[in-house]
Amino acid sequence: MVERKASVERNTLETQVKCSINLDGSGKARFDIGVPFLEHMLDQIARHGLIDLDIECKGDTHIDDHHTVEDVGITLGMAFAQAIGDKKGIFRYGHAYVPLDEALSRVVIDFSGRPGLQMHVPYTRATVGGFDVDLFQEFFQGFVNHALVTLHIDNLRGHNTHHQIETVFKAFGRALRMAITLDERMAGQMPSTKGCL
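Residues numbered from 1 in each chain as written. Predicted model: local features only at pLDDT ≥ 70, side-chain atom pairs only at ≥ 80, totals over all residues. Heavy atoms only, no water.

The name recorded for the protein in an unreviewed UniProt entry is Imidazoleglycerol-phosphate dehydratase, from Pseudomonas oryzicola. Quoted verbatim from the Subcellular location (unreviewed entry) field of the UniProt record, the comment on the protein reads "Cytoplasm". Looking at the Pathway (unreviewed entry) heading of the UniProt record, one finds this comment for the protein: "Amino-acid biosynthesis; L-histidine biosynthesis; L-histidine from 5-phospho-alpha-D-ribose 1-diphosphate: step 6/9." (UniProt positions renumbered as here; feature names shortened; annotations may be inferred.)

Take a look at the structure:
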(Lines give C-alpha, C1' and ligand atoms only; values in the text may rest on other atoms or scores of the structure.)
Protein backbone atom coordinates (compact mmCIF):
# COMPACT_ATOMS: atom_id res chain seq x y z
CA MET A 1 0.00 0.00 0.00
CA VAL A 2 1.23 3.48 -0.88
CA GLU A 3 1.95 5.52 2.22
CA ARG A 4 -0.62 8.24 2.68
CA LYS A 5 1.56 10.82 4.36
CA ALA A 6 2.27 14.49 3.76
CA SER A 7 4.34 17.31 5.19
CA VAL A 8 3.40 20.89 4.36
CA GLU A 9 4.88 24.24 5.34
CA ARG A 10 2.99 27.48 4.89
CA ASN A 11 4.62 30.81 5.71
CA THR A 12 3.03 34.25 5.74
CA LEU A 13 3.80 37.51 7.49
CA GLU A 14 1.29 36.45 10.15
CA THR A 15 2.07 32.76 10.72
CA GLN A 16 4.59 30.05 10.00
CA VAL A 17 2.93 26.63 10.04
CA LYS A 18 4.43 23.14 9.66
CA CYS A 19 2.05 20.19 9.41
CA SER A 20 2.85 16.49 9.00
CA ILE A 21 0.13 13.84 8.80
CA ASN A 22 -0.19 10.10 8.33
CA LEU A 23 -3.70 9.09 7.32
CA ASP A 24 -3.00 5.48 8.26
CA GLY A 25 -1.59 6.21 11.69
CA SER A 26 -2.57 5.24 15.20
CA GLY A 27 -3.77 8.59 16.56
CA LYS A 28 -0.43 9.97 17.76
CA ALA A 29 -0.36 13.74 18.08
CA ARG A 30 2.18 16.46 18.82
CA PHE A 31 1.30 20.13 18.81
CA ASP A 32 3.23 23.34 19.38
CA ILE A 33 0.75 25.97 18.29
CA GLY A 34 0.41 28.32 21.24
CA VAL A 35 -3.38 28.03 21.42
CA PRO A 36 -4.10 25.34 24.05
CA PHE A 37 -7.83 24.92 23.38
CA LEU A 38 -7.20 24.44 19.64
CA GLU A 39 -4.52 21.86 20.46
CA HIS A 40 -7.02 20.02 22.68
CA MET A 41 -9.52 19.90 19.80
CA LEU A 42 -6.91 18.82 17.24
CA ASP A 43 -6.03 15.96 19.57
CA GLN A 44 -9.63 14.76 19.16
CA ILE A 45 -9.16 14.60 15.38
CA ALA A 46 -5.99 12.53 15.74
CA ARG A 47 -7.33 10.19 18.41
CA HIS A 48 -10.76 9.53 16.92
CA GLY A 49 -9.64 9.63 13.30
CA LEU A 50 -6.60 7.37 13.89
CA ILE A 51 -4.56 10.00 12.06
CA ASP A 52 -1.04 10.90 13.19
CA LEU A 53 -0.72 14.69 13.42
CA ASP A 54 2.31 16.87 14.07
CA ILE A 55 1.62 20.59 13.84
CA GLU A 56 3.80 23.55 14.78
CA CYS A 57 2.81 27.18 14.40
CA LYS A 58 4.49 30.45 15.22
CA GLY A 59 1.73 33.02 14.93
CA ASP A 60 0.85 36.56 15.93
CA THR A 61 -1.10 35.47 19.01
CA HIS A 62 -0.01 38.71 20.71
CA ILE A 63 -2.70 40.30 18.50
CA ASP A 64 -5.24 37.49 18.82
CA ASP A 65 -5.67 33.82 17.83
CA HIS A 66 -7.47 34.46 14.54
CA HIS A 67 -4.61 34.08 12.07
CA THR A 68 -3.15 31.08 13.89
CA VAL A 69 -6.44 29.15 14.02
CA GLU A 70 -7.33 29.92 10.39
CA ASP A 71 -3.87 29.16 9.04
CA VAL A 72 -3.62 25.86 10.92
CA GLY A 73 -6.92 24.89 9.26
CA ILE A 74 -5.61 25.90 5.85
CA THR A 75 -2.33 24.01 6.27
CA LEU A 76 -4.05 20.91 7.61
CA GLY A 77 -6.37 21.00 4.59
CA MET A 78 -3.39 21.26 2.24
CA ALA A 79 -1.76 18.27 3.93
CA PHE A 80 -4.95 16.22 3.60
CA ALA A 81 -5.25 17.02 -0.10
CA GLN A 82 -1.66 15.92 -0.64
CA ALA A 83 -1.86 12.75 1.48
CA ILE A 84 -5.19 11.49 0.10
CA GLY A 85 -3.79 11.40 -3.44
CA ASP A 86 -6.11 10.45 -6.28
CA LYS A 87 -8.79 9.12 -3.88
CA LYS A 88 -9.06 5.77 -5.63
CA GLY A 89 -10.43 3.07 -3.36
CA ILE A 90 -11.56 5.29 -0.48
CA PHE A 91 -15.07 5.25 0.95
CA ARG A 92 -15.21 8.99 0.09
CA TYR A 93 -18.17 9.72 2.40
CA GLY A 94 -18.04 9.72 6.17
CA HIS A 95 -20.45 10.59 8.93
CA ALA A 96 -20.61 10.41 12.71
CA TYR A 97 -22.87 11.29 15.59
CA VAL A 98 -20.99 11.88 18.85
CA PRO A 99 -22.46 12.63 22.28
CA LEU A 100 -20.73 14.12 25.29
CA ASP A 101 -23.06 14.28 28.29
CA GLU A 102 -25.87 16.68 27.24
CA ALA A 103 -24.29 17.64 23.91
CA LEU A 104 -24.72 15.84 20.58
CA SER A 105 -23.17 16.70 17.22
CA ARG A 106 -23.36 15.29 13.71
CA VAL A 107 -20.62 15.69 11.08
CA VAL A 108 -20.89 14.53 7.46
CA ILE A 109 -18.00 14.80 4.98
CA ASP A 110 -17.55 14.12 1.28
CA PHE A 111 -14.12 14.11 -0.38
CA SER A 112 -15.88 15.59 -3.39
CA GLY A 113 -13.17 17.83 -4.80
CA ARG A 114 -15.57 20.74 -4.22
CA PRO A 115 -15.16 22.97 -1.16
CA GLY A 116 -18.34 23.64 0.76
CA LEU A 117 -19.07 24.25 4.43
CA GLN A 118 -22.36 24.27 6.30
CA MET A 119 -21.71 24.81 10.00
CA HIS A 120 -24.52 25.23 12.48
CA VAL A 121 -23.35 25.39 16.09
CA PRO A 122 -25.50 27.54 18.43
CA TYR A 123 -22.80 28.27 21.00
CA THR A 124 -24.14 29.13 24.42
CA ARG A 125 -21.05 31.19 25.28
CA ALA A 126 -18.70 33.36 23.20
CA THR A 127 -15.49 32.06 24.75
CA VAL A 128 -14.09 28.93 26.37
CA GLY A 129 -11.03 29.49 28.53
CA GLY A 130 -10.39 32.77 26.74
CA PHE A 131 -10.73 31.16 23.29
CA ASP A 132 -13.11 32.90 20.86
CA VAL A 133 -15.39 30.06 19.67
CA ASP A 134 -16.24 31.90 16.43
CA LEU A 135 -12.72 31.07 15.26
CA PHE A 136 -13.72 27.44 14.69
CA GLN A 137 -15.73 28.60 11.65
CA GLU A 138 -12.46 30.04 10.29
CA PHE A 139 -10.61 26.79 11.05
CA PHE A 140 -13.13 24.61 9.23
CA GLN A 141 -13.49 27.07 6.31
CA GLY A 142 -9.72 27.00 5.84
CA PHE A 143 -9.67 23.22 5.99
CA VAL A 144 -12.56 22.81 3.54
CA ASN A 145 -11.13 25.27 1.01
CA HIS A 146 -7.78 23.50 0.84
CA ALA A 147 -8.74 19.85 1.41
CA LEU A 148 -11.46 20.33 -1.25
CA VAL A 149 -14.18 18.62 0.75
CA THR A 150 -17.86 19.22 1.41
CA LEU A 151 -18.46 19.39 5.16
CA HIS A 152 -21.70 19.63 7.13
CA ILE A 153 -21.43 20.27 10.87
CA ASP A 154 -24.47 20.38 13.13
CA ASN A 155 -24.54 20.63 16.90
CA LEU A 156 -27.95 19.13 17.56
CA ARG A 157 -28.13 19.94 21.27
CA GLY A 158 -26.01 21.02 24.21
CA HIS A 159 -25.68 23.86 26.70
CA ASN A 160 -22.05 23.47 27.78
CA THR A 161 -20.00 25.19 25.07
CA HIS A 162 -16.91 23.06 25.72
CA HIS A 163 -19.04 19.94 25.21
CA GLN A 164 -20.62 21.38 22.05
CA ILE A 165 -17.23 22.00 20.47
CA GLU A 166 -15.67 18.75 21.64
CA THR A 167 -18.50 16.69 20.15
CA VAL A 168 -17.98 18.51 16.85
CA PHE A 169 -14.27 17.68 16.75
CA LYS A 170 -14.73 14.08 17.86
CA ALA A 171 -17.41 13.59 15.21
CA PHE A 172 -15.17 15.27 12.64
CA GLY A 173 -12.38 12.81 13.46
CA ARG A 174 -14.73 9.82 13.20
CA ALA A 175 -16.23 11.07 9.92
CA LEU A 176 -12.74 11.58 8.47
CA ARG A 177 -11.76 8.08 9.53
CA MET A 178 -14.74 6.58 7.72
CA ALA A 179 -14.27 8.65 4.55
CA ILE A 180 -10.54 8.01 4.07
CA THR A 181 -10.69 4.29 4.87
CA LEU A 182 -9.77 2.10 1.93
CA ASP A 183 -12.71 -0.03 0.75
CA GLU A 184 -11.60 -3.50 -0.38
CA ARG A 185 -14.54 -3.71 -2.79
CA MET A 186 -13.49 -0.43 -4.43
CA ALA A 187 -9.78 -1.28 -4.72
CA GLY A 188 -8.22 0.89 -7.41
CA GLN A 189 -11.57 2.36 -8.43
CA MET A 190 -12.62 5.99 -8.34
CA PRO A 191 -15.65 6.45 -6.05
CA SER A 192 -17.44 8.65 -8.57
CA THR A 193 -19.46 8.15 -11.76
CA LYS A 194 -17.49 11.07 -13.23
CA GLY A 195 -14.27 9.08 -13.11
CA CYS A 196 -12.45 11.77 -11.12
CA LEU A 197 -12.81 13.73 -7.91
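Okay, back to it.
Engineer: Before we move on, can you summarise the sheet that holds strand S10 (residues 150-157) with the specific residues and values?
Structural biologist: One open sheet accounts for four strands, arranged S5-S6-S10-S7; its pairing is mixed. Every interior strand has two partners, whereas the edge strands, strand S5 (93-100) and strand S7 (116-120), have only one. Between one strand and the next, the sheet's axes are offset by a mean angle of 10°, whatever the strand orientation. Relative to strand S6 (residues 103-110), S5 runs antiparallel, the two being bridged by eight bridges. Within S6, the position partnered with Gly-94 by the bridge is Ile-109. (Pairing = 2+ DSSP bridges. Helix = DSSP H or I, 4+ residues; strand = E, 2+ residues; numbered from the N terminus. Axes fitted to C-alpha atoms, helices over the stretch in contact; angles between N-to-C directions.)

Engineer: Can you break down the pattern of salt bridges residue by residue, with the values?
Structural biologist: Scanning the model with the defined rule gives nine salt bridges in all. Note that Arg-92 is salt-bridged to Asp-110, the shortest N-O span being 2.6 Å. Here the residue Arg-92 occupies a position in the loop between helix H2 (66-84) and S5, and Asp-110 occupies one in strand S6, the gap between them amounting to 18 residues. Asp-110 shares its class with Arg-92; the two are buried. The partner of Asp-154 in a salt bridge is Arg-106, and the shortest N-O contact between them spans 3.3 Å. (Salt bridge = Lys/Arg side-chain N within 4 Å of Asp/Glu carboxyl O. Buried < 20%, exposed > 50% of the residue type's maximum accessible area, 1.4 Å probe, protein only.)

Engineer: So what's going on with the packing of aromatic side chains? Residues and values would help.
Structural biologist: Taken as a whole, this structure holds eleven aromatic pairs when the rule is applied. Relative to Phe-169, the ring of Phe-139 has its centre 5.7 Å away and its plane inclined at 45°; by these criteria the two rings are tilted. Linking Phe-139 in helix H3 (residues 135-147) with Phe-169 in helix H4 (residues 161-180), this pair joins segments that are 30 residues apart in sequence. Residue class for Phe-139 comes out buried when judged on its relative accessible area of 0%. Aromatic ring contacts, followed pair by pair, group Phe-37, Phe-80, Phe-111, Phe-131, Phe-136, Phe-139, Phe-140, Phe-143, Phe-169 and Phe-172 into a single cluster. (Phe/Tyr/Trp six-rings, centres within 6.5 Å; stacked < 30°, edge-to-face > 60°.)

Engineer: Account for the sheet that holds strand S1 (residues 5-11), with residues named and values stated.
Structural biologist: Spatially, S1-S2-S4-S3 is the arrangement adopted by the four strands of the open sheet, whose pairing is mixed. The outermost strands of the open sheet, each flanked by one partner alone, are S1 and strand S3 (29-32). Shown here is a sheet whose adjacent strand axes are inclined to one another by a mean of 0°, direction ignored. Judged from the eight bridges that link them, strand S2 (residues 15-22) and strand S4 (residues 52-59) form a sheet pairing that is antiparallel. Looking across to S4, one finds that Val-17 is bridged to Cys-57.

Engineer: Please provide a residue-by-residue account of the environment of Lys-87, values included.
Structural biologist: Considering the arrangement of structural elements, one finds Lys-87 in the loop between H2 and S5. Setting aside residues no more than four positions away along its own chain, Lys-87 makes contact with Phe-111, Ser-112, Gly-113, Leu-148, Met-190, Pro-191 and Leu-197. (Contact = heavy atoms within 4.5 Å.)

Engineer: Lay out the side chain of Thr-161 in plain terms, naming residues and giving numbers.
Structural biologist: Examined against the element boundaries, Thr-161 turns out to sit in helix H4. Classification of Thr-161 as buried rests on a relative accessible area of 0%. Among all residues touching Thr-161, those that are not within four sequence positions of it are Tyr-123, Thr-124, Arg-125, Val-128 and Val-133.

Engineer: Describe the environment of Thr-124, listing the residues and the values that go with them.
Structural biologist: Mapped onto the elements, Thr-124 comes out in the loop between S7 and strand S8 (127-128). Taking the C-alpha atoms as reference points, Thr-124 and Glu-3, 121 residues apart in sequence, are found 42 Å from one another. Excluding residues that lie within four positions of it along the chain, Thr-124 makes contacts with Gly-158, His-159, Asn-160, Thr-161 and Gln-164. Side-chain polar atoms of Thr-124 contact the backbone oxygen of His-159, separated by 2.7 Å. In this structure the side chain of Thr-124 is engaged in a polar contact, spanning 2.8 Å, whose partner is the side chain of Thr-161. (Polar contact = N/O pair within 3.5 Å; in protein donor to acceptor, adjacent residues only side chain to side chain.)

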